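Architecture and fold: a report
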Amino acid sequence: MPMLPARDREFESQGLIVRQALAYRLQMVAAASCLMLLTTDCGALADPVLDPKGPIALAQRQLLFDAVAIMMIVIIPVFIMAALFIWRYRGTNRNARYTPNLAYYWPAEILIWGVPAGIILWLSFHLWDGTHKLDPYKAVDPSVAPLQVEAVAQDWKWLFIYPEQNIAVVNELVFPSGRPLAIRITSDTVMNSFIIPGLGGQIYAMAGMQTKLHLLADEPGEFWGRNVQYSGRGFADQQFRAIATSTGDDFDAWIAKVKTSLDTLDATTYEQLAKPSVKVPVTYYSAVEPNLFDKIIAKWRDGGTAHHAPMTAEAEQAN
Amino acid sequence: MFGRLTIEAFPFYSAIAATGAAITVLGAVSVIAVITYFRAWRLVLFDWISSLDHKKIGIMYVMLALVMLMRGFIDAAMMRSQQAIASGNDGYLPPGHFDQIFSSHGTIMIFFMAMPFLSGLINHIMPQQIGARDVAFPFMNAISLWLTAAGAGLVLISLAIGKFSTAGWSGYPPYSGAEYNPGVGVDYWLWAVLIAGVGSTMSGINFLVTILKCRAPGMHLFRMPLFTWTVLVTSILMIFAFPALTVACGLLALDRIFGMHFFTNAMGGNMMHYINLFWLWGHPEVYILILPAFGVFSEVVATFSQKRLFGYISLVLATMAIGILSFSVWLHHFFTMGASADVNSFFGIMTTIIAVPTGVKVFDWLLTMYRGRIIFKPPMLYTLGFLVTFVIGGLSGVLLALPPVDYTMHNTTFLVAHFHNMIIPGVLFGYLAGYMFWFPKAFGFKLNEKWGTRSFWCWIVGFYLAFMPLYVLGLMGMPRRMEHYDIPAWQPHLIVAAIGAFIILLGIICLGIQLAVSIRDREQARDLTGDPWNGRSLEWATSSPPAPYNFAILPHVQSIDAFWDMKHRGVAYQRPDRYVDIFLPKNTFVGAFIGGAGFVFGFGMVWYIWWLAILALAAIALAIIVRAFDDDTDTIIPASKVKEIEDARFAQLAKAPRNELADDPGFAAEAVPEGSS
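Just so it is clear, the model here is predicted, and its values are computed rather than measured.

Moving on: the sheet that holds strand β9 (residues 221-227) of chain A. Residue and element names in this part refer to chain A. Sheet architecture is open: five strands sit in the order β4-β10-β9-β6-β7, paired in mixed fashion. Of all strands in the sheet, those with a lone pairing partner are β4 (172-176) and β7 (200-205), marking the two edges. Each strand axis lies, on average, 20° off the axis of its neighbour in the sheet, ignoring direction. Bridge count between strand β6 (residues 192-196) and β9: two bridges; the pairing is antiparallel.

Okay, structure coming up:
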């Protein structure tokens, strides 16, 4: 490059800085729009967790938002400091101050320990409070009698028993909106995990043990629920429809429909049902063996065996 | 005779599985072919495989890690591509195959990529940082390496003979029990983890004793470089945590082989006992992996900001705090088990508390850059990428620590995104930064910077593309480990994630090209001084690569940043008056033999070939007894030989009088006190 007069060289370097700054800003804009695209365009806001349909999921979301907001007190300074320091203290910038032995400054130490500690203190109170309020074992509204449902995880389907109505359903959970739902959960196979993302959850389903989950749908609607704990080759299809009916009458009509089913669930038909099967269609049982849920738990407590036929070479082949 | 092993174990039933097996076998054959072609068997056997030199063991660990990184990444790429296409259809992988892939991906990345990478960096660097000539127990060090390799070998051979586990990397019972999973897959996982776990426990003991007993004169604990501090805490975690894993897996093995009922559904078994034990190891394990990476970042950020590390005491205290807290949070991996609100709150709060020391570290690194002169070499780029990306993972981690939030997010891809957000920028970027930072130390020439920079950009862009969509999917309720799905709204995100995985592949390719180009151009990138980055800690006081004994004369340490201080006082390259004989451990094949026998033992246990397993165990016992009676385990490097090596080194130093970093436009200063230049 031919030698330029000093003034021109200065202009050139200024031009370079402007170009660099411009490129940097463009990068920021691109990054921001990517983020927007990720969170809004592709429908994240219409998803079950961020768009809840019941008070439990709503409260869970609120805690999520509060925590994100308070954490920004540390997150944003990190981003700003990183960007600022990388730019300002780049080695080629001879105008920036250079203090190679700066290794301790007590106000900074107090700040970097104190501020995160303060945030965690604030968060701890909310965590304690939220965890107790949203305890899945706690009734949503103690003054209202909830609808009792018993859920049994099987390979690879869900069985719902309505003890008060004496009916059972495979892969469909129907309940009236506005009335709390009290679910007792167990497994007749490996460990599963029960969730309806639009309403709340989740809780493990374990053989020989029972867990509990209380839910409430504010408004009528159709949701999906499923097992989210990996459980074998039929796992991906182990899901069910959860339907919150608009009125109690609709719910009663559904009960009446189930009651017309010719199938009943006694010890023999249950054994058949409990065998591994995939993509089982919704099945109604108009009557259920008394205390079936407790018997399933007791079976494992007292010994018990799996319904799983030991995997043969052919079955493994089929995988 | 051959237990469960029959001809049906070979994967001729599926084209994809057979291809995997063929690639594995081809890989092994080509390694043998290359060694034979270069007539390098003598070198490989007598200089490397039998070596007890901590530096060579470290290099072999890292080589193992890089090979397994490749294998683990192929698994990841297969999962991403399967999920990108399997919307409303079955994709190209059947469930039984997809499940093996996610299980082997996690197992490989944690046990056989991250752990060996970690042990490799520690092995090579930590003894040099404290001014030692080797680790405390060089022979045990070799056993650790070869047991880890034996575990990795079991995972690899499961591709060609039999199948791997489908129970995920955490192997939750009762699914992983014999009743639901009678095949060999879980056994492969079990014995790979058990055998490698024994190696890791011994590594922890070795590193801890080395740091406590082998420091150079004057190297007080509070003068140790931060990397060594993090190794100290990590090795304590290893010693306390790994036995929990060994017990959990051991009991699961008893369940599977002898039909016992520790974790079964029936007969009083309880799967939650396993899950408690597993995470009692599993959570400290996260910190075992990440603390040394934090150590690397501390070294790198100070070196390339050309400034003292800010808040040394704070960083040490934060490291200790994380180490202690890591044992009090394991229950956050299963808030959804149905524990009481009090229990969940306690573990939730303990988990959020870890964010405090971690946040302190991030700010200390940022403040190290403050008023520094930052040089953007690839290790520094990885560090900066980590700083910015890691806080996002920290945020999602705190969210998951809130039990009510965890109820909705547990087992979803939000969780997957979270822990990859910690482990890729936190752990892997740290190790890659360390690899590029210390490569010249290990091999005597620098890695190509252009390709290093390219690999960084591919990794970071690929990371964001691959994992930010998983956060979104998690909020949409998508569970992890879905082989196919029928919610079409998920697919666009999964396609973006697959593109991200592809860009990460480019990053891995860049790493390979970087290595090849650097080896080709090594003469132009020689590190003649042993101090290519104007370094601060003692490992830069040795030559590159270091002499077998590291230090001809043990250094006397007078401050933090010991080597910087020596350069400052003008005593860094003093020639001693006379040299003395140096004792070093003699090479032996016993370590590799024990590893090989460990592999055979594992293979016998997997296939129920009992006689083979018993034979292998007996061989290990015999080898240890024979070794114990061997009193001639040292070799002496006579003073004359030391003088010869050192004279050559000083002659080389004389040819490179200048600081190697001085040509960099961002170079600030030699090691001189502020204001006196």
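With that settled, consider the interface of chain A and chain B. Many authors give the size of an interface as the accessible area that is lost as the parts come together. With 95 residues of chain A in contact, the opposing surface of chain B contributes 105 residues. Summed over both partners, the interface of chain A with chain B buries about 8900 Å², with 69% contributed by carbon and sulfur atoms. It is Tyr98, Trp113 and Tyr230 of chain A in chain A that bury the most area against chain B; as a group they hold 9% of the surface buried on that side. The interface formed by chain A and chain B holds zero salt bridges in total. In this structure, the connection of chain A to chain B is made through 25 residue pairs in polar contact (both at pLDDT 80 or more). In terms of residue count, the dominant contributor to the side of chain A that touches chain B is helix α2 (residues 55-88) of chain A (16 residues). Of the residues contributing to the side of chain A that touches chain B, the split by class is 58 nonpolar, 25 polar and 12 charged.

Before going further, it helps to examine the pairing of strand β1 (residues 582-585) of chain B. Each regular strand shows side chains that alternate between the opposite faces of the sheet. Residues and elements named next belong to chain B. Where burial is concerned, the two faces of β1 differ: the one with Ile582 and Leu584 is buried and the one with Phe583 and Pro585 is not. In the sheet, β1 pairs with strand β2 (residues 634-637) via four bridges, with the strands oriented antiparallel. For Pro585, the partnering residue across the bridge sits in β2 and is Asp634.

The next thing to look at is the sheet that holds strand β1 (residues 147-154) of chain A. What holds strands together in a sheet is hydrogen bonding between their backbones, with the strands either parallel or antiparallel. Residues and elements named next belong to chain A. The mixed open sheet is built from six strands, whose spatial order is β8-β5-β1-β2-β3-β11. In the strand order of this sheet, the two ends are held by β8 (211-215) and β11 (283-285), each with one partner. Between one strand axis and the next, the sheet turns through 20° on average, direction left out of account. Against the sheet, helix α6 (residues 292-301) makes contact with β1, β2 (157-162) and β5 (181-187), and its axis sits at roughly 30° relative to β5, the strand it touches most.

Residues and elements named next belong to chain B. Relative orientation of the contacting elements helix α10 (residues 341-369) and helix α11 (residues 378-401) amounts to 160°, with a least axis distance of 10 Å. Overall, the two elements α10 and α11 adopt an arrangement that is roughly antiparallel. For the pair α10 and α11, the crossing hand works out as left-handed. Of the residues in α11, those in contact with Gly348, Thr351, Thr352, Ala355, Thr358, Val362, Trp365, Leu366 and Met369 of α10 are Met380, Leu384, Phe386, Leu387, Phe390, Val391, Val398 and Ala401. When the residues that make up the contact of α10 with α11 are grouped by side-chain class, the tally is 13 nonpolar, four polar and no charged.

Calculation rules
- Residues numbered from 1 in each chain as written.
- Chains lettered and ligands numbered in written order.
- Predicted model: local features only at pLDDT ≥ 70, side-chain atom pairs only at ≥ 80, totals over all residues.
- Heavy atoms only, no water.
- Pairing = 2+ DSSP bridges.
- Helix = DSSP H or I, 4+ residues; strand = E, 2+ residues; numbered from the N terminus.
- Axes fitted to C-alpha atoms, helices over the stretch in contact; angles between N-to-C directions.
- Contact = heavy atoms within 4.5 Å.
- Buried area = accessible area lost by both parts, 1.4 Å probe.
- Salt bridge = Lys/Arg side-chain N within 4 Å of Asp/Glu carboxyl O.
- Polar contact = N/O pair within 3.5 Å; in protein donor to acceptor, adjacent residues only side chain to side chain.
- Nonpolar A, V, L, I, M, F, W, Y, C, P; charged D, E, K, R; others polar.
- Buried < 20%, exposed > 50% of the residue type's maximum accessible area, 1.4 Å probe, protein only.
- Parallel < 35°, antiparallel > 145°, perpendicular 65-115°, else oblique.
- Left-handed = near helix turned anticlockwise from the far one by under 90°.

The values are spatial; any link to function lies outside them.
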